[in-house]
Structure formats: structure tokens, C-alpha cells
Amino acid sequence: MGARSPVTVPRLIAFVLTFGFLLCSLDGCKRERPAPSPASLHADATPAPTGRESRRIVRATGKVEAVKVFSVQVPRLAGSSGRITLTRIVTNGTRVGVDDQLAEFDRTGELDAAREAKAKYQDLVHQVEQRRAENNSTARQRIADIQQAQADLDKAQLKLKIAETLSEIDRLKNEVRLKDATERVASLKKADALRTEAETASLRVLELQRDREKLRWERAQANAERLLVRAPMAGIVALESVWRTGTLGHPQEGDQLWGGQRLLRVFDPAEMRVRAFVDEPDVAALTPGCRAEVRLDAYPGAVLRARLESASPAATAALGTPLKTFDAIFRFERHDDHLMPDLSAALTIDVGGTLDATATGSRKRDRDAQ
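First things first, this report covers the structure right here in the doc.

Reading the values: the criteria
Residues numbered from 1 in each chain as written. Predicted model: local features only at pLDDT ≥ 70, side-chain atom pairs only at ≥ 80, totals over all residues. Heavy atoms only, no water. Helix = DSSP H or I, 4+ residues; strand = E, 2+ residues; numbered from the N terminus. Buried < 20%, exposed > 50% of the residue type's maximum accessible area, 1.4 Å probe, protein only. Polar contact = N/O pair within 3.5 Å; in protein donor to acceptor, adjacent residues only side chain to side chain. Pairing = 2+ DSSP bridges. Axes fitted to C-alpha atoms, helices over the stretch in contact; angles between N-to-C directions. Contact = heavy atoms within 4.5 Å. 1 Å grid on protein atoms, 1.4 Å probe; cavity = no way out; pocket = protein on both sides within 12 Å on 5 of 7 lines; lining within 4 Å. Points joined across faces, edges and corners; volume = space filled by probe spheres on them. Nonpolar A, V, L, I, M, F, W, Y, C, P; charged D, E, K, R; others polar. Phe/Tyr/Trp six-rings, centres within 6.5 Å; stacked < 30°, edge-to-face > 60°.

### So, the side chain of Asp336
Here's step 1: Among the structural elements, Asp336 can be located in the loop between strand S16 (324-332) and strand S17 (344-350).
Here's step 2: Classification of Asp336 as buried rests on a relative accessible area of 12%.
Here's step 3: Polar contacts involving the side chain of Asp336 include one to the side chain of His338, which spans 2.5 Å.

Structural data, given as C-alpha cells:
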């Protein structure tokens, strides 16, 4: 067997140092950590949200809308179903008051129709008055003729009573006169009834023509007035998008629009809300009075608070998708100049007060730090 190599002094020193380092490490691991000071306990009094608390936050998307809004449409004209030309419209974003003019459409045709109908109406009014006067005149003449015939009849009857004192020829003449007078009175009365009926019908025809022209005149005036679109309420104007030569855009002067087409909206910016679309599994988050943080996509730095106002009782789904959502209305707690209709928003709905607790803890830590 070979001779065993002796242990050198450097190796012995290295072994002793390594063993001592291991002993020190084990002793440090066994020591207890020092208790936190009261100051540190006070600073960390608000615990960080746990996994259970984070699950109490529900996120949803939505769209900002006004509480008070009035949709203005292109006017529908009575007796017309064609397109009308836009001649003037207010600028988008303009603040208007009640009865301020918003838009104007081409009124030339309606004003011409109103003048023409008015002229015909006035002419028919004169014709009716003239025909009524003529009818009264002829009626009085017929009454006079009947009265004269009745007098002749009474005279013939009187002469017939004294027929005993007259000759046979005179008696026969009186009988013929009485018969003629009786037939004349009957004929005049019958002719008077027929003429009165005919004159009444003729007068009624003129009156109907007069009333028809009056209706045309009033309708043309109403159409001309309807083509001046006025603001139903005070607020800010938001123009709608319409099809213009194959593309969507705001309506402009010269566009031809159909009656009933959406033209613009007038909304009150003092009261705004957000319509959120909550997924069907998260409907339990919509508890009465729950709050939400709203972040606008157009203004990433703006964080607004809102409170639940109402929610739809039934879920709806888009065509072709099985995913259903509930509509929930959140009212903003204060007014903000960033709020405008149709802005997309992201909502963080607080189910069990997690947002309030987090906000309270943050404010408390800020006060302690100061």
C-alpha cells in the first residue's frame, strides 16, 4: 500500500473556516425575527386586498349618454313622401336655447303651394258669398210668385161663391180660372222646393271647394313651418351620422334627406350617465346602490365615480352569439366637462365595498405619511 499524504496546514485552516461559517448560518436561521414597532403597525393597518377581495370586483364596458336628450328627425311633410333638401344646419357642439333654429330645409315649393291655395281659397270665398246672395234673391222672387198665385186662387174661389148671380158662361170661366190658379200654386210650390234643393247643393259644392282649398293652404303653411326645425329644449347639439355618397358623415347643406331620418340630438350636459353591459354570470354584482369607477377611453387619466340607478330584468344577446348581457344604468355622482354622449367607458363595479375600503386605506396611509 502507498504512503498516506499528510494534511497540510492551509487545508486545515480552510476546513475550520468553512465549518465555522456553516455554524453561524444555522444559528441565524433559528433566531426569531424582531417584533414590528407600533409605528410600522399603524402604517400597515390597512391590509392589501386578498384574492377573495379581488374577486369581488366586476369589470364591464359601457357607453356614456345623457339623462335628458331629445332626438330631432327630418320633418315628415303632409301629402308628400319624397326627399327634401337641407339648406342650413347648426354646427356640431353648439349650445342652443329653447326654440332656437337648428336646421332649415328648402321651403320654396311649400310657400308657392301656400300662396296658390290661399288665392284659390279667397276666390272661392267670394264665389260662395255671391252664390248665396243669388240664391236668396231667386228664393224671394219665387216666394213673391207663389204669393201672387195664391192671391189669384183666393180671388177665383171668391168669384165661384157668387156663381149663382152670374151667367152659366161666367160660372164656367170662374171654375176654369180656379182650376188654373190651383195648379199654378201647386206647380210654383213644387218648383220652389226643387230649385231650393238644387241651389243648396250648388252652394254646398262651392263651400266644399272653398274648405278644401283652405285645408291645402293650411297644410302648405304647416309644412313650410315644419321645415324650420327648432330646439325643443336647451342644451348642446350633437349631429347624427347619415349616409352621404356611400359614406357615413354629418349632414351638410345641400343633402337630400328622407322624412323621419335622424338628424341631430339635443342633450343636457348637466346630467349624464353610463349604460353598462354586464355579462350574465356577473349579474350578482348589480346590487342596489353599488358604486363603480368609470374610466373613459378618450381620457385615460380621468376616473369618475358612479352609482347604480337601474338594471334591466332580462338579459339580451346579439344576433349570432350565445353570450348574453344585462343593461345597467349608472348615474355619475358629479358633473365633469369630459362627459359627452357616445364616449366608450370601462367600469369597475364594486360588489362588496372593496373600492371604498381601498380608497379609505389609501387616504389613511397618505395622512400617516404626512
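### Quick look at the sheet that holds strand S5 (residues 101-105)
Here's step 1: Ordered by their spatial adjacency, four strands build an open sheet running S6-S5-S3-S10, and the pairing between neighbours is antiparallel. Single-partner strands in this sheet number two, and they are strand S6 (228-230) and strand S10 (256-258). Taking each pair of neighbouring strands and ignoring which way they run, the sheet shows an average axis angle of 40 degrees.

### Regarding the sheet that holds strand S7 (residues 235-239)
Here's step 1: The four strands lie next to each other as S2-S11-S7-S4, forming an open sheet whose pairing is antiparallel. This sheet does not close on itself; its edge strands, each paired only once, are strand S2 (69-73) and strand S4 (95-96).
Here's step 2: As defined by bridge partners, S7 adjoins strand S11 (residues 262-267) across four bridges and the pair is classed as antiparallel. Bridge pairing in S11 places Val237 opposite Val266.

### A closer look at the pairing of strand S3 (residues 83-89)
Here's step 1: In the sheet, S3 pairs with S10 via three bridges, with the strands oriented antiparallel. Note on S10: the bridge partner recorded for Ile84 is Leu257.
Here's step 2: In the sheet, S3 pairs with S5 via three bridges, with the strands oriented antiparallel. Across the sheet, residue Ile89 finds its bridge partner in S5, namely Ala103.

### Some details on the environment of Gly93
Here's step 1: Checked against the element boundaries, Gly93 lands in the loop between S3 and S4.
Here's step 2: Classification of Gly93 by relative accessible area gives partly exposed; the value is 44%.
Here's step 3: When the C-alpha atoms of Gly93 and Val266 are compared, they prove to be 9.5 Å apart, with 173 residues separating the residues in sequence.
Here's step 4: Not counting the four nearest positions on each side in its chain, Gly93 is found in contact with Ile236 and Val237.

### Here we look at unusual backbone geometry
Here's step 1: Even without being glycine, Asp99 reaches a positive phi, approximately 70 degrees.
Here's step 2: With respect to the helices and strands, Asp99 occurs in the loop between S4 and S5.
Here's step 3: On the basis of relative accessible area, Asp99 is assigned to the exposed category, the value being 53%.
Here's step 4: The phi torsion at Asp342 lies on the positive side, around 70 degrees, for a residue other than glycine.
Here's step 5: Structurally, the position occupied by Asp342 is in the loop between S16 and S17.

### Things to note about the layout of surface pockets
Here's step 1: If you add up the space inside the largest pocket, you get close to 200 Å³.
Here's step 2: Around the largest pocket, the lining is made up of 13 residues, and of these Val64, Glu65, Ala66, Val69 and Arg265 lie nearest the centre.
Here's step 3: Secondary structure elements with two or more residues in the lining of the largest pocket: strand S1 (57-66), S11 and strand S12 (272-279).
Here's step 4: Per-element tally for the lining of the largest pocket: the top contributor is S1, with four residues.
Here's step 5: Partitioned by chemical class, the residues of the lining of the largest pocket number seven nonpolar, no polar and six charged.

### Observations regarding the packing of aromatic side chains
Here's step 1: What the rule picks out here adds up to one aromatic pair.
Here's step 2: Geometrically, the ring pair formed by Tyr121 and Trp217 is tilted, given 5.7 Å between the ring centres and 35 degrees between the ring planes. One end of the pair, Tyr121, is in helix H4 (residues 108-161); the other, Trp217, is in helix H5 (residues 168-226), with 96 residues separating them in the sequence. Here Tyr121 matches Trp217 in class, with each residue buried.

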